[in-house]
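Survey of secondary and tertiary structure
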Amino acid sequence: MLAAKGYAEVIETGEYDHATRTAVKDLQRLHGLPPNGKISTTTWCALVGGVVRQSFHKH
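Predicted, not measured: the structure shown is a model, and the values here were computed from it. (Residues numbered from 1 in each chain as written. Predicted model: local features only at pLDDT ≥ 70, side-chain atom pairs only at ≥ 80, totals over all residues. Heavy atoms only, no water.)

Let's talk about the pattern of salt bridges
Considering all chains together, one arrives at one salt bridge under this definition. Between Asp26 and Arg29 there is a salt bridge, with the nearest N and O atoms lying 3.1 Å from each other. Here Arg29 and Asp26 lie together in helix H1 (residues 18–30), a separation of three residues that amounts to about one turn. Residue Asp26 is classed as partly exposed on the basis of its relative accessible area of 31%. (Salt bridge = Lys/Arg side-chain N within 4 Å of Asp/Glu carboxyl O. Helix = DSSP H or I, 4+ residues; strand = E, 2+ residues; numbered from the N terminus. Buried < 20%, exposed > 50% of the residue type's maximum accessible area, 1.4 Å probe, protein only.)

Okay, structure coming up:
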């Protein structure tokens, strides 16, 4: 999925390697997320094009 989004340096190997982690951090920065390289629900949704609300407020 990262390669399809333009991260050409990511090659599908089945490993969470340096190139993959770097691409995830870049994706997180692009979407205003903390660039920690971890695949959270929010990061996953940014990757697939969805949105997850960071917090919910009681009214």
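Digging into the layout of surface pockets
Approximately 300 Å³ is the volume found for the largest pocket. Those elements giving two or more residues to the lining of the largest pocket turn out to be H1 and helix H2 (41–48). Split into classes, the residues belonging to the lining of the largest pocket amount to 10 nonpolar, three polar and two charged. (1 Å grid on protein atoms, 1.4 Å probe; cavity = no way out; pocket = protein on both sides within 12 Å on 5 of 7 lines; lining within 4 Å. Points joined across faces, edges and corners; volume = space filled by probe spheres on them. Nonpolar A, V, L, I, M, F, W, Y, C, P; charged D, E, K, R; others polar.)

Topic: the environment of Arg29
Overall, Arg29 belongs to the partly exposed group, its relative accessible area being 49%. A polar contact of 3.1 Å, which involves the side chain of Arg29, links it to the side chain of Asp26. (Polar contact = N/O pair within 3.5 Å; in protein donor to acceptor, adjacent residues only side chain to side chain.)

Points about the nonpolar core
One finds Leu2, Tyr7, Val10, Ala23, Val24, Leu27 and Leu47 forming the largest nonpolar core, which totals seven residues. For this core, the leading source of residues is H1, giving three residues. (Core = buried A, V, L, I, M, F, W, Y, C linked by side-chain atoms within 4.5 Å.)

Description of H2
What H2 keeps buried is the set Thr42, Thr43, Cys45, Ala46 and Leu47. Those residues of H2 hidden inside the fold are in contact with H1. Directly after H2, the chain includes Gly49, whose backbone phi takes a positive value near 100°. (Contact = heavy atoms within 4.5 Å.)

Quick look at the side chain of Thr20
Along the chain, Thr20 turns up in helix H1. Setting aside chain neighbours within four positions, we find Thr20 in contact with Leu2, Val10 and Glu15.

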